[in-house]
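Examining the three-dimensional arrangement
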Amino acid sequence: MYNSHKHSSTIKQLVFVVLFLLFNNNLLSAQNHEKEVSEYLKKEMKEQNIPGLQITVIKNNHLILSKTMGIANISFSIPAKDNTIFSINSIAKIFASTAIMQLVEKNEIKIEQPISNYLDGLPINWQKVTVKQLLSHTSGLPDIEDSNNEGLIGGKGQDSAWIKVQKMPLQFKAGDDFSYNATNYLLVQKIIEKYGRMPFEQFIQKNQFDIAGMDKTVYGNSFDAIENKSPTYCFYYLDKAIGDYVKGKILIEVNESFPTMLRADAGVFATANEITKWIIALQTGKLLKNESSISIMWEPIKLNNGKYDGFGGILNAYALGWPVINRENHPAVLPIGGGRASLAIYPKDNLAIILFTNLSGIPVHEMADNISKFYF
């Protein structure tokens, strides 16, 4: 006679065994990858003289690795910890880009529309530039930052620089080329403040950081006194005689000021674990309701000639605030900040890698991409 109770019990046992084996397989795999990642990072830290770093790895929207290595503060021999805050500089653009898409979802703005639809009093030759061209750095607008020196053009502060940049000629016809510059995100910030109906930093805090549960991520300057913040170090210094940066032998602390008018462009300090929360919130529909919004934000932008352009190397294209690795296998969006911080997301692989260091001037995006190969 057929014993259904015994059959059911056997199935349960088999399911338990399968789940047990899968769990242990995944655990063993994660442990092996952690060892591989650690060895790779130790090698890079030694070769490039990186004082300290944080790394997190996200797979299928779950944190599978969180690791901190090295020194946060050299002067006082303070080790890097999970709560050490690093400067992530231009990665800040992803918050501004996401804010624009949040406003798009609320039907406040359309990215294909000219910026003159949203901002008054702009120079005539700026008015046909679209919001999308601002986000993708294809606007052709002049740069408010001085490329031959540190700081803003004119050297008299952000208000003076804003007046001055509006009198400068365009770099090229909108859509013809890619030119990474801060003016684009100054205007993005103005749009967010106008249609978000609050100051920029308050909008990001309310609509992104609070939702993701980020209480340690802040906007500021490198010289601001922030608890657990690591200084940023560098071997490069500005040689004013030649007007360019030169690599020296002495490690120096970087002193960076991020104007409040340009917080959409740069000036964020965070931990890797905090940004992990943000990525998971983004990819699980907490920040943007529609998956299509993320797809639009991550789609590499073609120039008028049908080609792509970006920072060069593996970052061969650019989307809406997100540098792109545009390739057939394992394409990625990979924002970088100050040559020291990177955030790599591989949408087709459900993988993300956050790598923050306190040494500026290193190929941190290539390091993150190399680490991703352990997980494919």
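Each remark here, short or long, concerns the structure printed above.
Scoring rules and cut-offs
- Residues numbered from 1 in each chain as written.
- Predicted model: local features only at pLDDT ≥ 70, side-chain atom pairs only at ≥ 80, totals over all residues.
- Heavy atoms only, no water.
- Helix = DSSP H or I, 4+ residues; strand = E, 2+ residues; numbered from the N terminus.
- Buried < 20%, exposed > 50% of the residue type's maximum accessible area, 1.4 Å probe, protein only.
- Contact = heavy atoms within 4.5 Å.
- Areas by Shrake-Rupley, 256 points an atom, 1.4 Å probe, with all protein chains shown as cover.
- Lys, Arg positive; Asp, Glu negative; His and termini not counted.
- Charge placed at Lys NZ, Arg CZ, Asp CG, Glu CD.
- Pairing = 2+ DSSP bridges.
- Core = buried A, V, L, I, M, F, W, Y, C linked by side-chain atoms within 4.5 Å.
- Expected span 1.5 Å × (residues − 1).
- Polar contact = N/O pair within 3.5 Å; in protein donor to acceptor, adjacent residues only side chain to side chain.
- Phe/Tyr/Trp six-rings, centres within 6.5 Å; stacked < 30°, edge-to-face > 60°.
- Axes fitted to C-alpha atoms, helices over the stretch in contact; angles between N-to-C directions.
- Parallel < 35°, antiparallel > 145°, perpendicular 65-115°, else oblique.
- Left-handed = near helix turned anticlockwise from the far one by under 90°.
- Arc of directions from axis to C-beta.
- Patch = residues over 30% accessible without salt bridge, like charges linked within 9 Å, V, L, I, M, F, W, Y side chains within 5 Å.
- Salt bridge = Lys/Arg side-chain N within 4 Å of Asp/Glu carboxyl O.

Here's the deal with the overall build of the protein
The helix and strand tally for the protein stands at nine helices and 15 strands. Here the C-alpha coordinates of the protein stretch approximately 90 × 50 × 40 Å along the principal axes. A burial count over the protein gives 49% of its 376 residues as buried. Of the contacts made within the protein by residues no fewer than 6 positions apart, 63% connect residues no fewer than 24 positions apart. In the structure as shown, the protein presents an accessible area of about 18,400 Å², 52% of it carried by carbon and sulfur atoms. Charge separation in the protein, taken as the distance between the mean sites of 37 positive and 36 negative side-chain charges, equals 4 Å.

Examining the sheet that holds strand β5 (residues 218-219)
Spatially, the three strands line up as an open sheet ordered β4-β8-β5, and their pairing is antiparallel. Taken across any chain shown, the strands that pair with only one partner, and hence form the sheet edges, are β4 (86-89) and β5. Note: β5 against strand β8 (residues 268-270), two bridges, orientation antiparallel. Looking across to β8, one finds that Tyr 219 is bridged to Val 268.

A short note on the nonpolar core
Grouped together as the largest cluster of nonpolar side chains are 77 residues, with contacts concentrated most on Phe 95, Ile 144, Leu 187, Ile 191, Ile 275 and Trp 322. The element contributing the most residues to this core is helix α5 (residues 182-196), with eight residues. If we ignore the near neighbours within four places in the chain, the residues touching Trp 322 are Ile 94, Ser 97, Trp 278, Leu 282, Met 297, Trp 298, Val 333, Pro 335, Leu 343 and Ile 345. Ranked by size, the runner-up nonpolar core spans 28 residues in total, among them Ile 50, Leu 315, Ile 325 and Ile 371.

Topic: α5
Given a rise of 1.5 Å per residue, 15 residues ought to cover 21 Å, and the 20 Å separating the end C-alpha atoms of α5 matches this to within 8%. Burial of α5 is extensive: twelve of the 15 residues sit out of reach of the surface. Along α5, the residues that are buried comprise Ala 182, Thr 183, Asn 184, Tyr 185, Leu 186, Leu 187, Val 188, Gln 189, Ile 191, Ile 192, Tyr 195 and Gly 196. Regarding α5, its N-cap is Asn 181, as a side-chain oxygen of that residue lies 2.9 Å from the backbone nitrogen of Thr 183 further along. Positive phi appears at Arg 197, one or two residues downstream of α5, with a value of about 60°.

Considerations on unusual backbone geometry
Although it is not a glycine, Asn 49 sits at a positive phi angle of roughly 60°. In this structure, Asn 49 sits in the loop between α1 (4-48) and β1 (52-59). We note that Arg 197 has phi near 60°; this positive angle belongs to a residue other than glycine.

Overview of the pairing of strand β13 (residues 341-346)
Among the six residues of β13, six are classified as buried, and the element is accordingly described as predominantly covered. Adjacent in sequence and paired antiparallel, strand β12 (residues 336-337) and β13 are bridged by three residues, among which Gly 338 carries a positive phi angle near 60°. Pairing between β13 and strand β14 (residues 351-357): six bridges, direction antiparallel. Looking at the pairing, Ser 342 lines up with Leu 355 of β14. Counting the residues that bridge the hairpin from β13 to β14 gives four residues, and of these Asn 350 lies at a positive phi of roughly 50°.

Remarks on the packing of aromatic side chains
Under the defined criterion, the tally for this structure stands at 16 aromatic pairs. Taking 6.3 Å as the distance between ring centres and 25° as the angle between the ring planes, the aromatic pair formed by Phe 209 and Tyr 219 counts as stacked. One end of the pair, Phe 209, is in helix α6 (residues 200-212); the other, Tyr 219, is in strand β5, with ten residues separating them in the sequence. Both residues of the pair, Phe 209 and Tyr 219, belong to the buried class.

Considerations on the packing of helix α2 (residues 93-105) against helix α7 (residues 272-283)
Viewed as axis vectors pointing N to C, α2 and α7 meet at an angle of 25°, and their least axial separation amounts to 13 Å. If you check the angle between α2 and α7, you find them roughly parallel. Viewed along their axes, α2 and α7 form a crossing whose handedness is left-handed. Contact with α2, carried on its side by Ile 94, Phe 95 and Thr 98, involves Ile 275, Trp 278 and Leu 282 of α7 and no other residues of that element.

Examining helix α8 (residues 291-298)
When α8 is considered as a whole, its buried residues turn out to be Ser 293, Ile 294, Met 297 and Trp 298. Looking down the long axis of α8, one finds its buried residues gathered within 125° of arc, a one-sided arrangement. Tucked inside the fold, the buried residues of α8 contact α2, α7, β10 (323-325), β11 (332-333) and β13.

Let's talk about a nonpolar patch on the surface
Residues Tyr 237, Ile 250 and Ile 252 make up a contiguous nonpolar surface patch of about 290 Å² in total accessible area. With respect to the helices, strands and loops of the structure, Tyr 237 is situated in strand β6 (residues 233-239).

As for the side chain of Asn 73
Residue position: Asn 73 is located in strand β2 (residues 62-73). Relative accessible area serves as the criterion here: at 15%, Asn 73 is assigned to the buried category. Only 3.1 Å separates the side chain of Asn 73 from the backbone nitrogen of Phe 76, close enough to count as a polar contact. Beyond its immediate stretch of four places on either side in the chain, Asn 73 contacts Ile 78, Pro 231 and Tyr 233.

Remarks on the sheet that holds strand β7 (residues 244-253)
The strand order across the open sheet built from three strands is β7-β6-β15, with neighbouring strands paired in mixed fashion. The sheet terminates laterally at β7 and β15 (359-360), the two strands that pair on one side only. Inspection of the sheet shows β6 paired to β7 by six bridges, in the antiparallel sense. Counted as the bridge partner of Leu 238 is Tyr 245 from β7.

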